[in-house]
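# Structural features, examined
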Amino acid sequence: MAFNDYEAVIGLEIHVQLQTNSKLFCSSSAHFGGGDNEHTCPNCTGQPGALPVVNEKAVEFGIKTGLALNCSIRKDSVFARKQYFYPDLPRGYQISQFDKPLCENGYLEFTLEGAPKRVTIERAHMEEDAGKSTHHGDYSLINLNRAGVPLMEIVSAPEMRSAQEAAEYARTMRKVVRYIGVCDGNLEEGSLRCDCNVSIRKRGDSKLGTKVEIKNINSFRFIEKAIEFEIQRQIDCKETGEPIVQETRLYDPDKNRTFSMRTKEEAHDYRYFPDPDQLVLEIEQAQIDAVKAAMPELPASRAKRFVEQGLSEFDAQTLTQELEIADYFERAAGKNPKAAANWIISELMRELNESKREISDSPIQAEQLAQLIALIDAGTISGKIAKTVFAEMWSSGKNPDVIVKEKGLTQITDTGAIEKIVDDVIAANPAQAAEYRSGKEKVFGFFVGQAMKASKGQASPDVMNEILRKKLKG
Amino acid sequence: MEQLSLLEIRDGVRAKKFTAVEVAQHFLDRISKHDKAINSFVTINDRALEEAKAFDQAGDFSGSLAGVPIAVKDLLCTDGLKTTACSKMLANYIPPYDASVVTRLKKAGAIVLGKTSLDEFAMGSSNENSFFGPVKNPWNHDFVPGGSSGGSAAALAARLAPGAIGTDTGGSIRQPASFCGVFGIKPTYGRVSRYGIISFASSLDQAGPMARTTKDCAIMLEAMSGKCKNDSTTSNEAVPQWSTKIRQDLKGVRIGLPREYFSESIDADVTKATLEAITALKARGAMTVEINLPLVKHAVSIYYLIATSEASSNLARYDGVRFGYRSEKAPDSLDDFYASNRGEAFGSEVKRRIMLGTYALSSGYYDAYYSKAGQVRRLLRDEFLEAFETCDVILSPVATTPAFKIGSRISNPLEMYLNDIFTTSTNLAGLPGMSVPVRFSSTGLPIGVQLMATHFNEQSIFDVSAALEEDFRAGEKAPHGI
Amino acid sequence: MSKTEKLTLQAVQKVSKLARLKLTDSEMTSIQNQLSAVLENFEQIAQVNTDEVRPLVTPTEITQVLRPDVVEDFDSEKILANAPEKAGRLFKVPPVV
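Scope of this entry: the structure provided in the associated data block. This structure is a prediction, so every number in the text was calculated from the model and none was measured.

### Describing the interface of chain C and chain A
- In this assembly, 30 residues from chain C lie in contact with 45 residues from chain A.
- Between chain C and chain A, roughly 3,200 Å² of surface is buried when both sides are summed, and carbon and sulfur atoms account for 61% of that area.
- When the buried area of chain C at its contact with chain A is split by residue, Arg 67, Asp 69 and Leu 90 of chain C rank highest and sum to 23% of it.
- Here chain C and chain A share 0 salt bridges between them.
- Taken together, the connections running from chain C to chain A amount to 17 residue pairs in polar contact (both at pLDDT 80 or more).
- Listed by contribution, the elements that provide at least two residues to the side of chain C that touches chain A are helix H3 (77-80) and strand E2 (90-93) of chain C.
- If one sorts the elements of the side of chain C that touches chain A by residue count, E2 of chain C sits on top with 4 residues.
- Per-class residue counts for the side of chain C that touches chain A are 20 nonpolar, 4 polar and 6 charged.

And the structure:
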């Protein structure tokens, strides 16, 4: 991409749906799905006289999110009304936060192509979701099941410089909110939604260019592609002297381009004012401390700990990508974390990918994998046999010791038994034995294979090698 | 029976002198006989007798309002019973739930007779802004009953119900109570749940009881008050049994007289009523204290900014999407759809206030208007709280005049607004305020005085009200022909 | 705060658009006059010194109580029954795009 002497300025607004049972301001179910307008009540349908009462769990999740993003938590945050008319907005205003958000001044760290990055979080505030409209030509239909579901809107500073950086920021954000258990991070169901603000300017300029917002992109890959396209489009505009309009655009993944959402962007006047139906949201230091104390370990710190346990940086990053995998690893690690990491990354993930399963549906439990590794380390089975056992575990879900016992796969370490096998193999292949003795050491591998075969793979490779070498030399 | 107080009716039901069905039937008969002339009811509860029967059969008369029929302002949602706010917008709206106040009153044994008229969305002080036509003052049908709870006040004065519920945002209980010669109290902000009461201005609205005696008001307020899980702005403050604690003498009670409230141009009969009330209280051992409330002169200005700003937002939900009026006209656009639905269904006073509020909150004006009004509001409230360190109850007129003629002020909203001068500051400061009938004007119209106390001190108001009630007996007289 | 000049008709039209209120020409003019008068009245409070004063919203001291995160079912049929127009259990409106 020819960026010439332009630089991109990118800021992200990520909406994270908090996984509470009930909605932010009423007792209707906040769960995805349900029959049309089934998850509704007087409050979330804006019936006359209905009033909002804040969900304490949503506030706790809000604080948790803020702390995970290194924000300061405001002790007197204020819910404000953002007023606009739209059929999926039942009260004619969205209850959000304006000048006094719950969380401010944080940051999110991640690595991009090996280099550490830190992006400033300007604010993270609580708000309710709108309902859903579907369009059918000459009419539209409104479902309010989602209206009132709690969201955190997390606003980064406009300080990212590339599409890759923005996508990595978004991936890391998803990882964090999933780790702390406030959001399932499901992009398809809209649990995590991303709006990107993109502008360009001449390198060295301090003034920001005209900002274009790309809304509702539902995959990280598309975030990257949409921003890449948008940067190039803006550069082309500049180069050809076409003005860049401040507008909202959408991304079309099929055509890999962004397009303008509305022809004329009306200047919004949201008339924010503090919601008089609610009190100032007061947070006590004790509550912040309690949330902090119960905070699960965040991915970055977890990866660091894995490296300390002897894992490579790459393995640690791979294993901490998803919370469930990291948890699985910790349970499987036992006394040999490195082996557990290898088994998970090479064997288990391959099987999972092939069968399109999540690790939570793995037929092999982490504890079973730990047992398998312990059997290898104790010398009960060889690494080779272990692969057979693993395959059997995958298909039957049985414990490895049961499989080893049932199939008689225990490693033979008895020298006498192995000597007998070796004697038989040498006796059956006199020509090769002669070759070896004449100096062609390559034949040694042939004997190992034959002897292993004869022992049905159960012979301890170390013991067998030693005996073979001794006997072949004569 | 219609001359009995609410308390007497309850005791009669408890003593089995009459059944709840007999009581309800009696008042329903009176409504069908007298209300054509007054127009105080918008909707009659066609299940009232059924509910009374169920109450009689259940046989539990322990509730504080056992078997008592009440009229409810048509601003409170009633489950399955049409609730209109007297607006074309909600002319056919059937709420899916009961307002908390209604739930509590029913729980105490009350039977809802029907829904009473009001100025559309409680915006007005004459009940002329009702989609269902003006309400007549039972004392003289050429005159307004006051507003916005005009229907409730008129129904009480006409003995169509022994108790009624009103709401008060800037005087909407107290002014009609004064105009119709009944008692009405707006409790401390946070006493009574607003859940299910169609919002006008959230930080000012409170529901309260209206009745023909002090004690009746107290008993109803006891049933209505208390923390509500559906309204964040209700207080945890304990709810006293005010009705059992009304004191017999007023020795040592300090009555505050705000200098500012007596300098306005006040009707001679109103002044007379106020001075007589002061004299009576002094005779009972109360003492008077002159107080200063210099910011009160700004109350109406602040009130209109805050009330309309909040209202412009609270009324945004009336868009014709999920309920309410929808224009017959095919819309050109989504904006046109909204503008037609709202433009055709809201009355002129409502539109005027939405316009003012929208303007005051719009970009560039927020700080100058809403924010500034909120700042002065704090200063005003603090001024009142300070005044209550030197007095227990503040006494003032309720309105500058007795009831005025229907149609006489409708062309000049500003003049109507100025009528709210004595009542609005009570709402701004969140104080309890009550209208107590004292005497009649030379033309035979009732006049009340206003009593205010500090936050959560309704008791002092009830004490003084009971004394005035005993001395003047102004609530006992019934209008001619009733 | 500077003295408010009389509201222009254009300003009133802008507000009516923002408030989604269709007004007749005569309504527009009468509101223009009345709003100007109310705002002029409000000018008086400009002189009140409010430096460092926080705007007051809820006028009484009320302890905050939040809601436990518990789902309560509601009979949504009663809500849908008031819909001016619907398709199945969905609210129907003119096209929004």
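### Description of the interface of chain B and chain C
- At the interface, 70 residues of chain B touch 53 residues of chain C.
- With both chains or domains summed, chain B and chain C bury close to 5,400 Å², and 66% of this area falls on carbon and sulfur atoms.
- Summed over the three residues of chain B that lose the most area to chain C, namely Met 355, Tyr 359 and Arg 378 of chain B, the buried surface amounts to 13% of that side.
- In this structure, the connection of chain B to chain C is made through 5 salt bridges.
- We note a salt bridge from Asp 79 of chain B to Lys 78 of chain C, for which the minimum N-O separation is 3.0 Å.
- Between the two partners, chain B and chain C, sit 24 residue pairs in polar contact (both at pLDDT 80 or more).
- For the side of chain B that touches chain C, the elements supplying multiple residues, two or more each, are helix H9 (299-314), helix H10 (334-345), helix H11 (348-361), helix H12 (367-387), helix H13 (413-418) and helix H14 (424-429) of chain B.
- A total of 12 residues in the side of chain B that touches chain C trace back to one element, the largest contributor, which is H12 of chain B.
- Classifying every residue of the side of chain B that touches chain C gives 31 nonpolar, 24 polar and 15 charged.

### Focus: unusual backbone geometry
All names here are of chain B.
- A cis amide bond, omega 10 degrees, links Gly 147 with the succeeding residue Ser 148.
- Looking at the element boundaries, Ser 148 is found in the loop between strand E3 (111-116) and helix H5 (150-157).
- The phi dihedral of Ala 85 is positive, around 55 degrees, even though this residue is not glycine.
- Along the chain, the position of Ala 85 falls in the loop between strand E2 (69-73) and helix H4 (100-107).
- Assessed through its relative accessible area of 0%, Ala 85 is described here as buried.
- Of note, the phi angle at Ala 122 is positive, near 70 degrees, even though the residue is not glycine.
- Among the structural elements, Ala 122 can be located in the loop between E3 and H5.
- Its relative accessible area of 3% is what places Ala 122 among the buried residues.

### Here we look at the pairing of strand E6 (residues 103-112) of chain A
All names here are of chain A.
- For strand E2 (residues 72-73) and E6, the ladder comprises 2 bridges, and the chain directions are antiparallel. Paired with Ile 73 across the two strands is Cys 103, which belongs to E6.
- Direction of pairing for E6 relative to strand E7 (residues 115-128): antiparallel, over a ladder of 9 bridges. Looking at the pairing, Glu 109 lines up with Arg 118 of E7.
- Here E6 folds back onto E7 in antiparallel fashion, the turn holding 2 residues, of which Glu 113 has a positive phi close to 50 degrees.

### Things to note about the sheet that holds strand E15 (residues 273-274) of chain A
- Sheet architecture is open: 3 strands sit in the order E5-E4-E15 (chain A), paired in antiparallel fashion. Two strands lie at the open edges of the sheet, namely strand E5 (93-97) and E15 of chain A, each paired on one side alone.
- As judged from the 5 bridges shared by strand E4 (residues 79-83) of chain A and E5 of chain A, these two strands associate in the antiparallel manner. Note that in E5 of chain A the partner of Phe 79 of chain A across the bridge is Gln 97 of chain A.
- H9 of chain B contacts E4, E5 and E15 of chain A of the sheet and is inclined by roughly 65 degrees relative to E4 of chain A.

### Here's the deal with the packing of helix H2 (residues 163-179) of chain A against helix H3 (residues 220-240) of chain A
All names here are of chain A.
- In contact at an axis separation of 8 Å, H2 and H3 are set at 155 degrees when each is read in the N-to-C sense. For the element pair H2 / H3, the angle class is roughly antiparallel. H3 is crossed by H2, and the crossing has right-handed handedness. In contact with Ala 163, Gln 164, Ala 166, Ala 167, Ala 170, Arg 171 and Arg 174 of H2, H3 contributes Phe 220, Arg 221, Ile 223, Glu 224, Ile 227 and Glu 228.
- Tallied by class, the residues present in the contact of H2 with H3 amount to 7 nonpolar, 1 polar and 5 charged.

### Focus on the environment of Thr 424 of chain B
Residues and elements named next belong to chain B.
- With respect to the helices, strands and loops of the structure, Thr 424 is situated in helix H14.
- Along the sequence, Thr 424 and Leu 204 sit 220 residues apart, while their C-alpha atoms lie 9.1 Å from each other.
- The residues contacting Thr 424, other than those within four sequence positions of it, are Gly 170, Ala 299, Val 300 and Tyr 303.

Definitions and cut-offs
Residues numbered from 1 in each chain as written. Chains lettered and ligands numbered in written order. Predicted model: local features only at pLDDT ≥ 70, side-chain atom pairs only at ≥ 80, totals over all residues. Heavy atoms only, no water. Contact = heavy atoms within 4.5 Å. Buried area = accessible area lost by both parts, 1.4 Å probe. Salt bridge = Lys/Arg side-chain N within 4 Å of Asp/Glu carboxyl O. Polar contact = N/O pair within 3.5 Å; in protein donor to acceptor, adjacent residues only side chain to side chain. Helix = DSSP H or I, 4+ residues; strand = E, 2+ residues; numbered from the N terminus. Nonpolar A, V, L, I, M, F, W, Y, C, P; charged D, E, K, R; others polar. Buried < 20%, exposed > 50% of the residue type's maximum accessible area, 1.4 Å probe, protein only. Pairing = 2+ DSSP bridges. Axes fitted to C-alpha atoms, helices over the stretch in contact; angles between N-to-C directions. Parallel < 35°, antiparallel > 145°, perpendicular 65-115°, else oblique. Left-handed = near helix turned anticlockwise from the far one by under 90°.

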